Amino acid sequence: MKPRAPAAAPLLLALAIALLGSGCTGGVEGTPGAVGLRDPYFPGLGNGGYDVTHYGLKLDVDPAAGRLRGTATITARATQHLSAFHLDLAGLDVESATVEGEPAAVNRAGKELTIRPAASVDDHMREGRTFTTVVRYSGSPQAITDADGEEEGWLRTADGSVALGEPTGSLAWFPGNHHPSDKAAYDIEVTVPDPLTAVSNGQLVARRTEDGRTAYHWRTTEPMASYLATVAVGRFTTEQARTPDGIRLFTAVDPESAAASEDVLARIPEVLAWSRARFGPYPFTSAGAIVERTGDVAYALETQNRPVFPGPPDTGLLVHELAHQWFGNSVTPKTWRDMWLNEGFATYAEWLWAADHDDVPVQESFDEAYDSDANWAFPPARPPAAPDLFDPPVYGRGAMVVHRVRLAMDDDKAFFALVRGWTAKYRHGNASTDDFTAYVEEETGRDLSGLWDAWLYGGSRPAREG
């Protein structure tokens, strides 16, 4: 169940902001960072005034009791002279906070933490300076029901838990700047009772056992949006390997799903090599998968380096989630309105795979999507509201936009060069729909406003041809 803020939360938040902006004595000079980044669908998500560069998360998990104790060490660069700043966190109890080693005042209103550093660290809070915040917290992390009715956040499974964060669930298990525009490197250390295993993003750099509990230290050096961070705790069959070009593979599979997953997971190197030829160099140093048992979670998610599957995946789903490592994970949307750039390209990757491996021409996949009324409910670049972000037009009509660009170019070699250039230009960054349309027009030297008006923004179904 989605945790509810106290009824007085909006009033308390407004009071805290007013006090912080009033120049009251005893704290840092400057002005408070913004509450929320005014995302079109989640205006309160994320925070202004700083850019996180690294999260160091130490989590002690007790699955039987459903409890978590955490320490978050957040390194950030101030983008203004900060007198205070905000962190997103849902449900969990904050025990203490420090900034640059000095105790900091903490106010809470619903899912917003307001951190006011001590006056002695003022120099660290000036624009361009780096500062480190340590937050200690604990409690029973909860699932969050998102706008489309699915559960995310910290989900209990038959033998443990899994954290899934799209679009807002990551704030259920660690404090931070939970908007996709603020990407960071991560070190996540998770301690769990034996014989459970804790799996996260990136590479396993250390494993330490003491008194029947094991700490697993995972490191992600490439920038990652918070919604792509994951922790899976349970009884897993794990395997490690390397692809021919040196990418480290780590798979973790619930024993109940192991036999049915084996053949598909064995194709990860093949899918990565095929994707690389079309989309450009693989943007990370590790890859793999987490496969839960059927019924533990309701959907797959492209968590960075290591997608989570709700049971044994088929090859098409594997292709889709691995394509997201380029589209969504490396090239990440600037706002949630740009979601079609993730899902349209990942869906198009499925069409390309079907053409190359199943003798299903891409045009046939396009025609099938075109004939589906569900794909015409709204324009992919303008979902009406947050509950619509994961609806068919974002996926199917998004893929149709990609194909219309290919048809307009009428040159497959040039089209795939265009795609590889897109993933290179915004590698490990953020991009918007406007960035994409401007990039395509610049690279092709063509005015494609008619294409965008009809296929990306149009309210009705355009003619199939033309």
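In the nomenclature of an unreviewed UniProt entry, the protein is known as Aminopeptidase N of Streptomyces badius. Recorded in UniProt for the protein, the comment headed Sequence similarities (unreviewed entry) runs: "Belongs to the peptidase M1 family." Listed under Catalytic activity (unreviewed entry) in UniProt, the entry text for the protein is "Release of an N-terminal amino acid, Xaa-|-Yaa- from a peptide, amide or arylamide. Xaa is preferably Ala, but may be most amino acids including Pro (slow action). When a terminal hydrophobic residue is followed by a prolyl residue, the two may be released as an intact Xaa-Pro dipeptide."

So, on to the sheet that holds strand E18 (residues 237-242). If you trace the 4 strands from one edge of the open sheet to the other, you get E18-E19-E20-E21, paired in mixed fashion. Strands at the two margins of the open sheet, each flanked by one partner only, are E18 and strand E21 (308-309). The strands touched by helix H2 (residues 255-265) within the sheet are E18, strand E19 (248-253) and strand E20 (286-291), with E19 carrying the most contacts at an inclination of about 145 degrees. Lying on the sheet, helix H3 (residues 268-279) is in contact with E19 and E20; it crosses E19 at an angle near 130 degrees.

A separate point is the pairing of E20. With respect to burial, E20 is a largely interior element, 6 of its 6 residues being buried. A two-sided burial pattern is seen for E20, the buried positions comprising Ser286, Gly288 and Ile290 on one face and Ala287, Ala289 and Val291 on the other. Relative to E20, E19 runs parallel, the two sharing 6 bridges. Considered in E20, the bridge of Thr251 is made with Ala289.

Opposite charge on two side chains permits pairing when their charged atoms draw close. One pass over the structure, following the stated rule, counts 18 salt bridges. Residue Arg69 pairs with Glu95 through a salt bridge whose shortest N-O separation is 2.8 Å. Of the two residues, Arg69 sits in strand E3 (residues 67-78) while Glu95 sits in strand E5 (residues 93-99), which places them 26 residues apart along the sequence. For Glu95, a relative accessible area of 43% translates into the label partly exposed. Ionic pairing is found between Asp371 and Arg464, a salt bridge with its closest N-O pair at 2.7 Å. Linking Asp371 in helix H6 (residues 362-371) with Arg464 in the segment after helix H10 (449-456), this pair joins segments that are 93 residues apart in sequence. What makes Asp371 partly exposed here is its relative accessible area of 46%. Overlapping salt bridges, with partners in common, bring together Asp159, Asp254, Glu256, Arg293 and Asp296 in one network.

Basis of the calculations
- Residues numbered from 1 in each chain as written.
- Predicted model: local features only at pLDDT ≥ 70, side-chain atom pairs only at ≥ 80, totals over all residues.
- Heavy atoms only, no water.
- UniProt positions renumbered as here; feature names shortened; annotations may be inferred.
- Pairing = 2+ DSSP bridges.
- Helix = DSSP H or I, 4+ residues; strand = E, 2+ residues; numbered from the N terminus.
- Contact = heavy atoms within 4.5 Å.
- Axes fitted to C-alpha atoms, helices over the stretch in contact; angles between N-to-C directions.
- Buried < 20%, exposed > 50% of the residue type's maximum accessible area, 1.4 Å probe, protein only.
- Salt bridge = Lys/Arg side-chain N within 4 Å of Asp/Glu carboxyl O.

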